Amino acid sequence: IREDTRRAVLAGDAFYLRADPGILLLPFDCRPAMRAARHLYAALGRVVEDNAFDSQTARAKLSLATTWRLLVRSIRASPSESRPPPAHALRQAEPLLEAVSTSG
């Protein structure tokens, strides 16, 4: 189970970096929430990693100070968001982006 957890945490890190440029394509008012989720889940992954990928007996938990720091960080775009997203990713995301932009 630890090996599966390790692979999931490392895969998550790669997905977060790939997804960052797409955050700028979302409506302005939902970007901080997407950034917050990205930063909080990545930080939880670090906790799991620090616990030797033991996700069964050790609970992944962030301190209140860390949570607040990440929430404040989520207000502004990160440098990794400025990379252009791959064109194929944009085509695949068009239905989702359309649904989000017209649901308000």
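We now turn to the structure provided with this report.

What counts, and where the lines are drawn
- Residues numbered from 1 in each chain as written.
- Predicted model: local features only at pLDDT ≥ 70, side-chain atom pairs only at ≥ 80, totals over all residues.
- Heavy atoms only, no water.
- Helix = DSSP H or I, 4+ residues; strand = E, 2+ residues; numbered from the N terminus.
- Buried < 20%, exposed > 50% of the residue type's maximum accessible area, 1.4 Å probe, protein only.
- Contact = heavy atoms within 4.5 Å.
- Areas by Shrake-Rupley, 256 points an atom, 1.4 Å probe, with all protein chains shown as cover.
- Lys, Arg positive; Asp, Glu negative; His and termini not counted.
- Charge placed at Lys NZ, Arg CZ, Asp CG, Glu CD.
- Expected span 1.5 Å × (residues − 1).
- Bend = angle between axes of the 7 residues up to and from the residue.
- Patch = residues over 30% accessible without salt bridge, like charges linked within 9 Å, V, L, I, M, F, W, Y side chains within 5 Å.
- Salt bridge = Lys/Arg side-chain N within 4 Å of Asp/Glu carboxyl O.

## A short note on the overall build of the protein
Step number 1: Helix and strand content of the protein: four helices and zero strands.
Step number 2: Overall, the protein shows an N-to-C arrangement of helices and strands of α-α-α-α.
Step number 3: With respect to the principal axes defined by its C-alpha atoms, the protein has extents near 45 × 30 × 25 Å.
Step number 4: Residues counted as buried form 24% of the 104 residues belonging to the protein.
Step number 5: Here the contacts in the protein between residues at least 6 apart in sequence split such that 70% fall between residues at least 24 apart.
Step number 6: Total accessible area computed for the protein in this model is approximately 7,300 Å², and 62% of it derives from carbon and sulfur atoms.
Step number 7: Of the side chains in the protein, 15 bear a positive and 11 a negative charge, and the two mean positions are spaced by 4 Å.

## Re helix H1 (residues 2–23)
Step number 1: Between the first and last C-alpha of H1 there are 31 Å, a value that for 22 residues agrees with the 32 Å anticipated at 1.5 Å per step.
Step number 2: Its axis deflected by about 25° at Leu17, H1 carries its strongest bend there, up to four residues before the proline Pro21.
Step number 3: Residues of H1 that are buried: Thr5, Val9, Gly12, Asp20, Pro21 and Ile23.
Step number 4: Each element contacted by the buried residues of H1 is listed here: helix H2 (31–50).

## Looking at the side chain of Ser74
Step number 1: Tracing the chain through its elements places Ser74 in the loop between helix H3 (64–73) and helix H4 (87–102).
Step number 2: For Ser74, a relative accessible area of 1% translates into the label buried.
Step number 3: The residues contacting Ser74, other than those within four sequence positions of it, are Pro32, Arg35, Ala36 and His39.

## Focus: the environment of Ala93
Step number 1: Positionally, Ala93 belongs in helix H4.
Step number 2: What makes Ala93 partly exposed here is its relative accessible area of 25%.
Step number 3: Put simply, Ala93 and Ser78 are 15 residues apart on the chain and 21 Å apart in space, counted from C-alpha to C-alpha.

## Some points on a nonpolar patch on the surface
Step number 1: There is a patch of nonpolar side chains on the surface, built from Leu64, Trp68, Leu71, Val72 and Ile75 and spanning about 550 Å² of accessible area.
Step number 2: With respect to the secondary-structure elements, Val72 resides in helix H3.

In short, the description is geometric, and any link to function would need to be established separately.
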